[in-house]
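Reading the structure
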Amino acid sequence: MLCILSEISMYIILWCIALILSIAMINDIINYRIPNICPLCIVILFFVTVYAPGLNTEWIDISQNIIVFVCSLLLGFVLFTLRICGGGDAKIIASISLWMGPAAMLQFCIVMSILGGLLALSYIFLHSPVGQYILYKTNIKLYKWVMPNVIPYGVAVCISAIINLPNSYAFQAIITQL
């Protein structure tokens, strides 16, 4: 029964992270900001999960995950300083990288890049004359949320995280041990 409860709790944690990422994504779409509490909760959930009582996770080596987290946070800080990336995007990428570890980080980045490219293309289309005409004719009032020089890249980050999180090192290491 303990294994079933542990497996259920892992899926509850996965759903909690998906909910946190959804909140971050919705805030990024509406306000172009990701609340600081979202990445913080993801980091806290990682350590609570890895060191949860009842789970024998002492054997999981999280040092590589922490190194990937620190490198992602530093790179995000540099990109934010250069005004290439938003601060919330950098923090949410770093918090997700803690879960991903080095092995799943490449897949996370590839999916994030593809989704970000599709998001950028959709924003380019919405600002084109054809996109503006379609919005005008269909009477859709998206212009408040669709700013010309700002793309809510947190959407691509969060969707990529939701897709890749079940395959992350930390999540798989805990599930296989149950």
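Below or above, wherever it landed, is the structure these notes cover. Here, residues in each chain are numbered from 1, in the same order as that chain's written sequence. Where totals are concerned, whole chains, interfaces and linings use all residues; where local detail is concerned, this predicted model gives features only for residues with pLDDT of at least 70, and gives and counts side-chain atom pairs only at 80 or more. Only heavy atoms go into the side-chain values, all of them from the structure, while hydrogens and water stay out.

Some thoughts on helix α3 (residues 63-81)
Where we set the bar: Segments assigned H or I by DSSP are reported as helices when at least four residues long, segments assigned E as strands when at least two residues long, and all are numbered from the N terminus. In a helix, the anticipated span is given by 1.5 Å times the number of residues less one. The classification of residues rests on relative accessible area computed with a 1.4 Å probe and restricted to protein chains. Under 20% of the type maximum is buried, over 50% is exposed, and intermediate values are partly exposed. It is the directions from the helix axis to the C-beta atoms that the arc portrays.
In this model α3 runs 27 Å from its N-terminal to its C-terminal C-alpha over 19 residues, within 8% of the 27 Å that 1.5 Å per residue would give. For α3, the set of buried residues is Asn 65, Val 68, Phe 69, Ser 72 and Gly 76. Down the axis of α3, the buried side of the element spans an arc of 100°, and every buried residue falls inside it. Facing away from the buried surface of α3 by more than 90 degrees, the exposed residues are Ile 67, Leu 74, Phe 77 and Thr 81. In the segment just after α3, Arg 83 is the residue with positive phi, at about 60°.

A look at the nonpolar core
Across soluble globular proteins, nonpolar side chains show a tendency to be buried alongside one another. Short version of the rule: Among the buried residues, those of types Ala, Val, Leu, Ile, Met, Phe, Trp, Tyr and Cys that are joined through side-chain atoms within 4.5 Å form a nonpolar core.
By size, the foremost hydrophobic cluster in this structure holds 41 residues, and its most contacted members are Ile 17, Leu 21, Ile 42, Ile 92, Trp 99 and Phe 108. Within the residue set of this core, elements represented by two or more residues are α1 (2-31), α2 (37-50), α3, α4 (87-127), α6 (154-164) and α7 (169-177). Here this core takes 13 residues from α4, the largest share from any one element.

Describing the packing of aromatic side chains
Convention followed: Aromatic rings from Phe, Tyr and Trp, with only the six-membered ring used for Trp, were paired whenever their centres fell within 6.5 Å, and each pair was classed as stacked if the ring planes differed by under 30 degrees, edge-to-face if by over 60, and tilted otherwise.
Throughout the structure, instances matching the rule amount to 2 aromatic pairs. Geometrically, the ring pair formed by Phe 46 and Phe 47 is edge-to-face, given 5.2 Å between the ring centres and 80° between the ring planes. The buried category is assigned to Phe 46, whose relative accessible area is 0%. With a centroid separation of 5.4 Å and an interplanar angle of 80°, the aromatic rings of Phe 46 and Trp 99 are classed as edge-to-face. Of this pair, Phe 46 sits in helix α2 while Trp 99 sits in helix α4, and the two are 53 residues apart along the sequence. Cluster of aromatic residues (ring-pair linked, three or more members): Phe 46, Phe 47 and Trp 99.

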